[in-house]
Amino acid sequence: MPLYAKQFFTEQLRLTDGTVIGDSYYSAPTPGSPLRLRIDFARTIRVGEYDGLRLQILHTEQGVLDSLILTFAVHGTFRSRDDALDRQPGDDGYAVIRDWSERDEPPWQGAATTKLRQAIEQYTALWFPQTAKQQPKQSHDALSPARRSAAEAPNGFWLTDPDFRTRLHGATVRVLDVLADCLDDDFRLIQALDGARHQADELLGVPQAFGALAEAQAAAQIVGGDIGSPFDPAIARALVLLDQRPVEEQEQAVRTALRRLTLTTRSHAPTGPRPPAPLPPSAGRTR
């Protein structure tokens with residue numbers, strides 16, 4: 001049974017400034033910032049059971065900076081439901097939702113989410129203080145793609161801009177991170193990977209034009225990592241074969257790629273100040 005995540009985040013919680021991918025909500029409250037907010041359902045030790053929301057602050061290059069769990073029990077999300085069923089703390093099913101049912105309705109039907117939304121707003125304000133200011137809020141969607149991309153554009157040709165290449169590498173890590181948590185029997189690898197490019201501005205922190213490259217690099221990492229060009233037809237063939245495998249194998253391949261790429265990022269991170277730029281040749285020197 002699906003969690004109806006899009007309806008939960010956009011209609012129940014009224015979070016409309018971000019994007020829902022799989023069962024997770026992503027937003028960039030501060031345009032141009034490398035920080036992103038991610039919200040998904042917090043799993044219990046049981047498969048398919050959730051007892052709250054997990055909030056994370058993500059950095060496009062450094063990964064997860066902070067994490068917080070908002071439990072349904074503390075925020076009274078299902079108090080009315082549990083009172084009607086005479087459920088008490090410690091009883092099976094108390095203050096949780098499950099996707100075990102075959103009924104065609106959201107498992108969170110009847111949730112009271114006012115306190116959850118207030119807690120989300122408070123947490124967001126800690127990391128994005130400007131969101132708490134009493135001033136007309138400009139929706140991120142109101143900014144044109146050209147304007148958002150210009151704020152994140154490389155300095156000159158992107159291949160010769162080391163800072164932008166680092167951001168592009170971070171975008172690939174972010175694609176893998178998203179994939180690792182949104183795969184299931186109804187949302188498989190190719191379907192999840194296809195479309196990441198459309199979130200390049202808001203989620204990946206790179207201009208829209210570079211979203212396809214982040215997708216291609218992520219695909220190459222998933223099916224091998226050491227394959228030459230990310231546009232090699234062998235990658236597409238391997239990706240199709242992996243998409244036919246059980247979803248657990250797909251998730252394992254994605255998480256392996258994510259660990260490998262994260263280790264690569266750390267091993268290449270600068271450990272000290274950059275060396276000064278070389279002096280230009282004197283007028284008397286020739287090559």
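Because the structure is predicted, anything quoted here is derived from the model rather than measured. (Residues numbered from 1 in each chain as written. Predicted model: local features only at pLDDT ≥ 70, side-chain atom pairs only at ≥ 80, totals over all residues. Heavy atoms only, no water.)

1. With respect to the confidence of the model for the protein
Stated precisely, the cut-off is as follows: How sure the predictor is of each residue is captured by pLDDT, a score from 0 to 100. Contacts: residue pairs with any heavy atoms within 4.5 Å of one another.
Overall, the predicted model of the protein reaches an average pLDDT of 79, with 80% of residues at or above 70. Counted against residues more than four places away or in other chains, residues 133-151, with its pLDDT under 50, gives 19 contacts. This stretch, residues 268-287, has a pLDDT under 50; its non-local contacts, to residues over four places away or in other chains, come to one contact.

2. Overview of the packing of aromatic side chains
Short version of the rule: Centres within 6.5 Å make a pair out of two Phe, Tyr or Trp rings, where for Trp the six-membered ring is used; the pair is then stacked when the planes are under 30 degrees apart, edge-to-face when over 60, and tilted otherwise. Categorising residues by exposure relies on relative accessible area from a 1.4 Å probe, with only protein chains included: less than 20% of the type maximum marks a residue as buried, more than 50% marks it as exposed, and the intermediate range marks it as partly exposed. Going along the chain from the N terminus, every DSSP run of H or I of four or more residues is numbered as a helix, and every run of E of two or more is numbered as a strand.
Taken as a whole and assessed by the stated rule, the structure comprises eight aromatic pairs. On the numbers, 5.5 Å between centres and 75° between planes, the contact of Phe 8 with Phe 9 is edge-to-face. You can call Phe 9 buried: its relative accessible area is 0%. Relative to Phe 41, the ring of Phe 9 has its centre 5.5 Å away and its plane inclined at 40°; by these criteria the two rings are tilted. Of this pair, Phe 9 sits in helix H1 (residues 5-12) while Phe 41 is found in strand E3 (residues 35-43), placing the two residues 32 residues apart along the sequence. Each of the two residues, Phe 9 as well as Phe 41, counts as buried. Members of the aromatic cluster, connected to one another through ring pairs, are Phe 8, Phe 9, Tyr 25, Phe 41, Tyr 50 and Trp 108.

3. Looking at the pairing of strand E2 (residues 24-27)
So the rule is basically this: Any two strands between which DSSP finds at least two bridges are classified as paired.
In E2, alternate side chains face the same way, and those of Ser 24 and Tyr 26 on one face and Tyr 25 and Ser 27 on the other are all buried. Here E2 runs beside E3; their pairing, made up of four bridges, is antiparallel. For Tyr 25, the partnering residue across the bridge sits in E3 and is Ile 39.

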